[in-house]
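# Inside the fold
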Amino acid sequence: MTVEGALDVVGAVLILLGAALSLTAAIGLLRLPDVLNRMHAASKPQTLGFLLLCVGLALVLRDGAATAMLVLAAGLQLVTAPVATQMMAKAAHRTGQYRADLVVDDRDRDEPTDAGEPADGDEQTR
Amino acid sequence: MQPVLIAAGVMLAAAAALTLVRIVRGPAPSDRVVATDVLIAIVAGSLAVEAAINHHAYTIPVILVLSLLAFAATVSMARFIAGRQGVVGSGPRRRGRGA
């Protein structure tokens, strides 16, 4: 088997792994009970799945300019996806869009509420 | 290697369909935003699979722009959702801390 053939096989396998990770995340998105759990599943295709697909595509194409742009895309995704997920988790937590009965230690609230109203009460003064 | 790549494309299509179900069913706005984020990642991945199948590099800039757009969309939606109860980053009062 030539080097090109081996690179094609490795790239295709990496792409298949990335696609499988995306499918797992979609199943998790459907089956997990609330937003914070779904976020846990949702971050996999955004970072590792995207990285696997980019590496696989770079191995299949074997082109300098394409590889440079794929590295840029993968690096930006690795930096931005955790930031976006953290902001989304914070917003969901503050607005009470999660199941309080599933949370073990909810430090930002005085008492767990499930109606979407924080126990603090400083929102009424705003 | 075409059958493997086509199998990857089929898996991405199934993932996109399941994510669409979550976007439709909700129930909270944050569920839909998270699912939209995953859907954009899946679309970027399917563009990559298509580029690998047809051996061209024309869609790689589209992948780059899509990933940046997903970040901007998620951050703005997070601020919009939290904007009903103040600004993200200011943080809620932490009376329970250190007790």
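Please read all numbers here as calculations on a predicted model, not as lab measurements.

## Examining the overall build of chain A
Within chain A one finds three helices and zero strands. Its helices and strands in sequence order give chain A the pattern α-α-α, from N to C terminus. Counting the 126 residues in chain A, one finds 40% classified as buried. Taking as baseline every contact in chain A between residues at least 6 positions apart, the subset at least 24 positions apart corresponds to 53%.

## Describing the overall build of chain B
A count of helical and extended segments in chain B gives three helices and zero strands. If you list the helices and strands of chain B from N to C, you get α-α-α. Here chain B, with 99 residues, has 36% of them falling under the buried criterion. Of all intrachain contacts in chain B linking residues separated by at least 6 positions in sequence, the fraction that spans at least 24 positions is 45%.

## Side note on the nonpolar core
Among the nonpolar cores identified, the biggest contains 61 residues, and I15, C54, L57 and M88 of chain A together with V38 and A48 of chain B are the most heavily contacted of them. Of all elements in the fold, only α1 (3–31), α2 (35–61) and α3 (64–94) of chain A together with α1 (2–25), α2 (29–54) and α3 (60–82) of chain B reach the threshold of two or more residues within this core. Among the elements that line this core, the one with the most residues is α2 of chain A, at 14 residues. When neighbours within four sequence positions are excluded, A48 of chain B is seen to be in contact with L53, C54 and L57 of chain A together with I63 of chain B.

## Concerning the interface of chain B and chain A
Taken residue by residue, the interface counts 53 residues in chain B and 56 residues in chain A. Elements represented by at least two residues in the side of chain B that touches chain A include exactly α1, α2 and α3 of chain B. In terms of residue count, α2 of chain B provides more of the side of chain B that touches chain A than any other element does, 15 residues in total. When grouped by side-chain class, the residues that make up the side of chain B that touches chain A number 36 nonpolar, nine polar and eight charged.

## As for the packing of α1 of chain A against α1 of chain B
Angle between the axes and distance between the axes: these two values describe a pair of packed helices. Axis separation between α1 of chain A and α1 of chain B bottoms out at 8 Å; the angle between their running directions is 20°. Here α1 of chain B runs roughly parallel to α1 of chain A, going by the angle between their axes. Where α1 of chain A crosses over α1 of chain B, the two elements pack in a sense that is left-handed. Touching A12, I15, L16, A19, A20, S22, L23, A26, I27, L29 and L30 of chain A of α1 of chain A are V4, L5, A7, A8, M11, L12, A14, A15, L18, T19, V21 and R22 of chain B, all from α1 of chain B. Taken together, the residues of the contact of α1 of chain A with α1 of chain B sort by class into 20 nonpolar, two polar and one charged.

## Some details on the environment of L29 of chain A
Inspection of the secondary structure puts L29 of chain A in helix α1. Among all residues touching L29 of chain A, those that are not within four sequence positions of it are R38, A41 and A42 of chain A together with L18, T19, R22, A35 and V38 of chain B.

## Considering unusual backbone geometry
One non-glycine residue, R62 of chain A, adopts positive backbone phi at about 55°. Relative to the helices and strands, R62 of chain A is located in the loop between α2 and α3. Taking the number of C-beta atoms within 10 Å as the measure of exposure, R62 of chain A has 14 and is therefore partly exposed. A positive phi angle, near 55°, is found at H55 of chain B, a position not held by glycine. For H55 of chain B, the location among the structural elements is in the loop between α2 and α3. For H55 of chain B, a count of 10 C-beta atoms within 10 Å translates into the label exposed.

Calculation rules
- Residues numbered from 1 in each chain as written.
- Chains lettered and ligands numbered in written order.
- Predicted model: local features only at pLDDT ≥ 70, side-chain atom pairs only at ≥ 80, totals over all residues.
- Helix = DSSP H or I, 4+ residues; strand = E, 2+ residues; numbered from the N terminus.
- Buried ≥ 20, exposed ≤ 12 C-beta atoms within 10 Å, placed from the backbone.
- Contact = placed C-beta atoms within 7 Å.
- Core = buried A, V, L, I, M, F, W, Y, C linked by C-beta atoms within 7 Å.
- Nonpolar A, V, L, I, M, F, W, Y, C, P; charged D, E, K, R; others polar.
- Axes fitted to C-alpha atoms, helices over the stretch in contact; angles between N-to-C directions.
- Parallel < 35°, antiparallel > 145°, perpendicular 65-115°, else oblique.
- Left-handed = near helix turned anticlockwise from the far one by under 90°.

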